[in-house]
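Single-letter residue listing:
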Amino acid sequence: MAHHIPIADWERVATREVTSGDVTLRVYDHGEGRPGRPPVVLCHGFPELAFSWRHQLFALADAGYRVLVPDMRGYGGSSRPADADAYDILTLCGDLAAILDDVGADDAVFVGHDWGAAVVWQMALAHPERVRAVAGMSVPVSPRAPAPPLPILRKRLGDDFYMVWFQEPGAADAVLHRDVRRTLTAQEIYSARLAEEGGAAATPPPWLDDGELGYYVDTFERTGFTGGLNYYRNLDRNWELTAHLADRRVTQPALFVTGSKDPVGQFMPAKGLDAMLADPRGHVVLDGAGHWIQQQRPDEVNAALLEFLADVG
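Everything numeric here is computed off the predicted structure, so don't read it as measured data. (Residues numbered from 1 in each chain as written. Predicted model: local features only at pLDDT ≥ 70, side-chain atom pairs only at ≥ 80, totals over all residues. Heavy atoms only, no water.)

Trainee: Would you take a moment to explain the environment of Gly158 for this structure?
Mentor: Note that Gly158 resides in the loop between α5 (149-157) and α6 (162-165). On a C-alpha basis, the gap between Gly158 and Pro269 in space is 18 Å, while along the polypeptide they are 111 residues apart. Every residue in contact with Gly158, bar those within four places of it in the chain, is listed here: Leu153 and Val164. (Helix = DSSP H or I, 4+ residues; strand = E, 2+ residues; numbered from the N terminus. Contact = heavy atoms within 4.5 Å.)

Trainee: Help me understand the sheet that holds strand β3 (residues 40-43) in this model?
Mentor: Hydrogen bonds between backbone atoms are what pair the strands of a sheet, whose relative direction is either parallel or antiparallel. In space, the eight strands of this open sheet follow the order β1-β2-β4-β3-β5-β6-β7-β8, with mixed pairing throughout. For this open sheet the edge positions go to β1 (15-20) and β8 (277-286), each flanked by a neighbour on one side alone. Strand-to-strand, the axes of this sheet are offset by a mean angle of 20°, without reference to chain direction. Bridge analysis of strand β7 (residues 250-259) against β8 gives seven bridges, and the strand direction is parallel. The partner of Gly259 across the bridge, within β8, is Leu286. In the packing of helix α15 (residues 298-312) onto the sheet, contacts are made with β3, β5 (108-113), β6 (131-137), β7 and β8, and the angle to β6 comes to roughly 160°. (Pairing = 2+ DSSP bridges. Axes fitted to C-alpha atoms, helices over the stretch in contact; angles between N-to-C directions.)

Written as structure tokens, this is what we have:
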């Protein structure tokens, strides 16, 4: 059972405004950081926020790390460019480099969940000198696909598969925004079935109390979901833009953490990890855990991260 972090504690965390090109990122900045320890950057996925890392931010800072947690581009207090082309994976990596530049850090340990994992794995490949070590949750790094991924996904999983459904500008955006609370609690968030009328909002999971859910609902009612959906609208473009990285492996120390019941594992299996990781330091599978792992099982995630951080310096 997760402990709940008081919202007031989260809202007292200092933030900084980081400029990356014509975008401004809101970055939560907590912990002094002991000498010689790299900062730790935590990157969230869809549809989440920096707030998704509340359990980790305090635990890692208490252990002597400086922790930097952005609302990723398109989310929360960060800029939300309208143009989908502003969300390609190399631009997202540029945002992470801008955070390091802003705090005067040569490198950091990057930790990502869901889309955040995809970004930090790519960061390790595209900007290896800025990445001391890397940890991904839920989404494994995998070798480059032999062809653009969307046609493959459409053929294999159909038009209702969420990554396919998300492609049409404005369509999923409107459905998800129509009842934000239902979107954030429904089991069908990753399915076109969410578009069906009349579904009741599900009960929040036990690891999310009413205040925490309210924080998400209030934020996404204000921002909508288009920023996050634009990440998916770059899947084929990302494939084209990263051709020059096709032969690279992740050479930094690397950790992968997932839940045994994470549905992502069904269509993004971790079997490519061995091929892509030159220095694997752990593959943690939390029995019974689902997709929202750092919120559902914070104590075990924090323990895995702290062990990894101690191992990599």
